[in-house]
Amino acid sequence: ALLDRVGNDHLERIMGAATRMNGMIDALLALSRLSTQPLQSVEVDLSAMARQVIEELRQQAPERQVEVQIAEGLRASGDPALLRIVLDNLIGNAWKFSARADAPAIRVGCREGEGGESVFYVADNGAGFDMTYADKLFKAFQRLHTAAEFEGTGIGLATVHRIITRHGGRVWAQSAPGQGATFLCTLKGGATQEPEEQPHPAG
C-alpha cells in the first residue's frame, strides 16, 4: 500500500534521524582515532593554512560578505593534518556563528599570554554565548545553540580540545551573548608570530 502524506512525513523524519546518527557515529570514531594515531611534529604555517580555510568557506558561500583579518607569520610546531582540523573547526565556527551579524568579521592572530606564552586565537563578532556554560563547550555533543539555530554535529570543539591537548597545549574561550566569541589556544611546540608583521584582510 502507498504511504499517505503523514506516513511520508514520519518516514522522512526517521531517515533524517538515521542520517544524523550515522554522522555522530562517524564523528565519534574520528574523535577516538585522534588518541591513537601517530603525531607528526613539523613547522606549520598557520597563516597560510587559515587563508586556505577562508578561501574554501568563501567558495562554499560566495554570497557571504565577511571581513577577515589573518595575521602574517603565524607558525607552530605540530601535526599539519591535525592542526588543519583545528583551524577548520575554529574558523568554521566563527564563519557560522557570525552569519547573523550586521557586518560579520573574523580575526585570526597571536598575542602574548600570561607568563609570556604565545596564544593563538580566532575571534568573531557573532552570536556568542553565556560563559556560565563554557565548561560544556569542549565535550562531545554539548551544544550552546540548538541545531535549529546553527547546524553541526556537536563534536567539533571536542575534537579541537583533544588535538590541542595531544600537542601539549590548552584551549579555552571568551564570549558573551550577542558579543561574539574568541577561542584561544597554546601549543607546547609553540604558536608564534614573526615580528613586525601586521594583520591584513584575507584575499
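Up top is the structure these notes are about.
Residues numbered from 1 in each chain as written. Predicted model: local features only at pLDDT ≥ 70, side-chain atom pairs only at ≥ 80, totals over all residues. Heavy atoms only, no water.

This part covers the overall build of the protein. Looking only at helices and strands, one finds four helices and nine strands in the protein. Sequence-ordered secondary structure for the protein, helices as α and strands as β, is α-β-α-β-β-α-β-β-α-β-β-β-β. Evaluated residue by residue, the protein yields a buried proportion of 41% over its 203 residues. Sequence-distant contacts, at least 24 apart, represent 69% of the contacts inside the protein between residues at least 6 apart. Carbon and sulfur atoms form 52% of the exposed surface of the protein, whose accessible area is close to 11,500 Å². (Helix = DSSP H or I, 4+ residues; strand = E, 2+ residues; numbered from the N terminus. Buried < 20%, exposed > 50% of the residue type's maximum accessible area, 1.4 Å probe, protein only. Contact = heavy atoms within 4.5 Å. Areas by Shrake-Rupley, 256 points an atom, 1.4 Å probe, with all protein chains shown as cover.)

Let's shift gears to the side chain of Thr182. With respect to the helices and strands, the residue Thr182 is situated in strand β7 (residues 181-186). A relative accessible area of 15% places Thr182 in the buried class.

A word on the pairing of β7. Looking along a regular strand, one sees side chains alternate from face to face of the sheet. Most of β7 sits out of view: six of its six residues are buried. Covered by surrounding structure in β7 are Ala181, Phe183 and Cys185 together with Thr182, Leu184 and Thr186, the residues of both alternating faces. Of the pairings in the sheet, the one linking strand β5 (residues 118-124) to β7 comprises five bridges and is antiparallel in character. If you follow Ala123 over to β7, its bridge partner there is Thr182. Here strand β6 (residues 170-175) pairs with β7 via six bridges, running antiparallel. Considered in β7, the bridge of Val171 is made with Cys185. Taken together, β6 and the strand that follows it, β7, pair antiparallel across an intervening segment of five residues, in which Gly178 is found at a positive phi of about 75°. (Pairing = 2+ DSSP bridges.)

Residues spaced three or four apart along an α-helix face the same direction, because each turn holds 3.6 residues. For helix α2 (residues 46-60), which comprises 15 residues, the first-to-last C-alpha distance of 21 Å matches the rise-based estimate of 21 Å (1.5 Å per residue) to within 8%. Among all positions in α2, only Leu46, Ser47, Met49, Ala50, Val53, Ile54 and Leu57 are buried. Angular distribution of buried residues about the axis of α2 spans 165°; they occupy a single face of the element. For α2, the capping residue at the N-terminal end is Asp45, with a side-chain oxygen 3.1 Å from the backbone nitrogen of Ser47. (Expected span 1.5 Å × (residues − 1). Arc of directions from axis to C-beta. Polar contact = N/O pair within 3.5 Å; in protein donor to acceptor, adjacent residues only side chain to side chain.)

By the definition in use, this model includes six salt bridges. The residue Arg75 makes a salt bridge to Glu43 at a minimum N-O spacing of 3.7 Å. One end of the pair, Arg75, is in strand β3 (residues 74-78); the other, Glu43, is in strand β1 (residues 42-45), and 32 residues separate them in sequence. Here Glu43 falls in the exposed class, since its relative accessible area comes to 60%. Residues Arg84 and Glu56 are paired through a salt bridge, measuring 2.8 Å at the closest nitrogen-oxygen approach. (Salt bridge = Lys/Arg side-chain N within 4 Å of Asp/Glu carboxyl O.)

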